[in-house]
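Structural overview for review
Spelled out from the first residue to the last, the chains are:
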Amino acid sequence: MKKVSLKDIAQKVGVSTATVSYVLSNKKCRVGESTKQKIREIAKELNYQPNQIAKSLKSGKTFTFGLIVADISNPFFANIARVIEDEAAKHDYTVIFGSSDESAQKSWKLIQFLQNRQVDGFIIVPTENSEEQIEYLQKQNIPFVLLDRYFPQFTTNNVVINNYEAAFMMVSKLVQKPKSNVGMIAYKNSLIHMKERIRGFEEATKKHHRFIEKISFAAIDQEIGNAIENMLENKVEALFFATNTLAIAGLKVLQQKQIKIPNQLKMASFDESEAFDFFYSPISFIEQPIKNLGETAIGLLMSEINSIQKGKTTKVLPAKCVERASSK
């Protein structure tokens, strides 16, 4: 079957090949909207597929970029990846996905692989101890945006939420209805988003005079079980989980211990999960603006790729506390 060309579309519409090229590339040209619409309709009717190789040679771009997240199976990252994929398509870009599994070594391998594929840029959820990778991208002048987390010591494009404010608001609600001693279970790492969530917890508990001396850090099931046991021994009446992954693991432990929520223990989580809807007491959570995060990250990356943006910027977006039965 003969491949449809710009010339075929031009002949059917009755315009020049250059006009068809301008319209399908979303470039300015002196033709009316009705003609533009007709060109697009004919292109769709003929199933026109642009020659990506020729397009890349002409522009010096591959029209692909890499997205590296912590874990694509996590609903938060899966949903944000979908938003990014849809937004990239609006700019005729294709996204190549990868999961770092919170491993700096794996993140570096993904960066090298994607760079060898000559992607035009990156959106990265950075892992702990990946500072050298960020320095490398900067030295290579490769466009990139850090998402969800960033390193304060570097001047980079960042898209994050106000983790401190969100944690402060949710913990304040937990301790006041009725007044309760509250504990937190978090990951022990040096990443800014986790530090800010912990800081929000600490400031809220101090303000309301409901401070439990130590925060428990957990990663695997056994550690979470020990962390919850520690909290119960300290007469904690409410628990705040720093991520949805920790919250789901915590729910399993609480079920095994036959702890009734919210009668015996109130709880809330940072980020939501579909599993929360199926628990007998729907879980309160901090809702991140996933669509806004994805759209903003794409906007910053495209501006850098197209040399529109001057300087680097940090976009801090607000999150929302969703109160449900588990915290009341």
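Look up a bit, the structure's there.
The structure displayed is predicted, hence computed values, not measured ones.

**Side note on the overall build of the protein chain**
Counting secondary structure elements, the protein chain contains 13 helices and twelve strands. Dimensions of the protein chain along its principal axes, counting C-alpha atoms only, are 80 × 40 × 35 Å. Counting every position in the protein chain, which comprises 328 residues, the buried fraction comes to 48%. Taking contacts inside the protein chain between residues at least 6 apart in sequence as the whole, the part at least 24 apart equals 68%. When the 44 positive and 35 negative side-chain charges of the protein chain are each reduced to one mean point, those points stand 7 Å apart.

**Overview of the layout of surface pockets**
Approximately 520 Å³ is the volume found for the second largest pocket. Surrounding the second largest pocket, 27 residues form its lining, Ala-70, Glu-102, Arg-149, Tyr-187 and Thr-245 being those nearest its centre. The set of elements that each furnish at least two residues to the lining of the second largest pocket consists of helix H5 (75–89), helix H9 (192–207) and helix H11 (244–256).

**Focus: the pairing of strand E4 (residues 144–147)**
Alternating residues of E4 divide into Phe-144 and Leu-146 and Val-145 and Leu-147, and every residue in both groups is buried. As a crossover connection, the stretch from strand E3 (residues 122–124) through helix H7 (residues 131–139) into E4 is right-handed. Here E4 pairs with strand E5 (residues 157–161) via three bridges, running parallel. When the bridges of E5 are listed, Leu-147 appears paired with Val-159.

**Topic: the side chain of Ser-281**
Its location among the elements puts Ser-281 in the loop between helix H12 (274–278) and strand E10 (284–287). Accessibility expressed as a relative area gives 3% for Ser-281, which makes it buried. With residues up to four places along the chain from it excluded, the contact list for Ser-281 reads Ile-261, Pro-262, Ala-325 and Ser-326.

**Description of the sheet that holds strand E6 (residues 182–186)**
Pairing within the open sheet is mixed, and its six strands lie in the order E7-E6-E8-E9-E10-E12. The sheet terminates laterally at strand E7 (216–217) and strand E12 (320–322), the two strands that pair on one side only. In terms of strand pairing, strand E9 (residues 266–270) meets E10 through three bridges, oriented parallel. Within E10, the position partnered with Phe-270 by the bridge is Ile-286. This element, H9, spans E6, E7, strand E8 (238–241) and E9 of the sheet and lies at about 175° to E6. Contacting E6, E8 and E9, H11 crosses the sheet at an angle of about 150° to E9.

Cut-offs used in this document
Residues numbered from 1 in each chain as written. Predicted model: local features only at pLDDT ≥ 70, side-chain atom pairs only at ≥ 80, totals over all residues. Heavy atoms only, no water. Helix = DSSP H or I, 4+ residues; strand = E, 2+ residues; numbered from the N terminus. Buried < 20%, exposed > 50% of the residue type's maximum accessible area, 1.4 Å probe, protein only. Contact = heavy atoms within 4.5 Å. Lys, Arg positive; Asp, Glu negative; His and termini not counted. Charge placed at Lys NZ, Arg CZ, Asp CG, Glu CD. 1 Å grid on protein atoms, 1.4 Å probe; cavity = no way out; pocket = protein on both sides within 12 Å on 5 of 7 lines; lining within 4 Å. Points joined across faces, edges and corners; volume = space filled by probe spheres on them. Right-handed = clockwise from strand over helix to strand, strands pointing away. Pairing = 2+ DSSP bridges. Axes fitted to C-alpha atoms, helices over the stretch in contact; angles between N-to-C directions.

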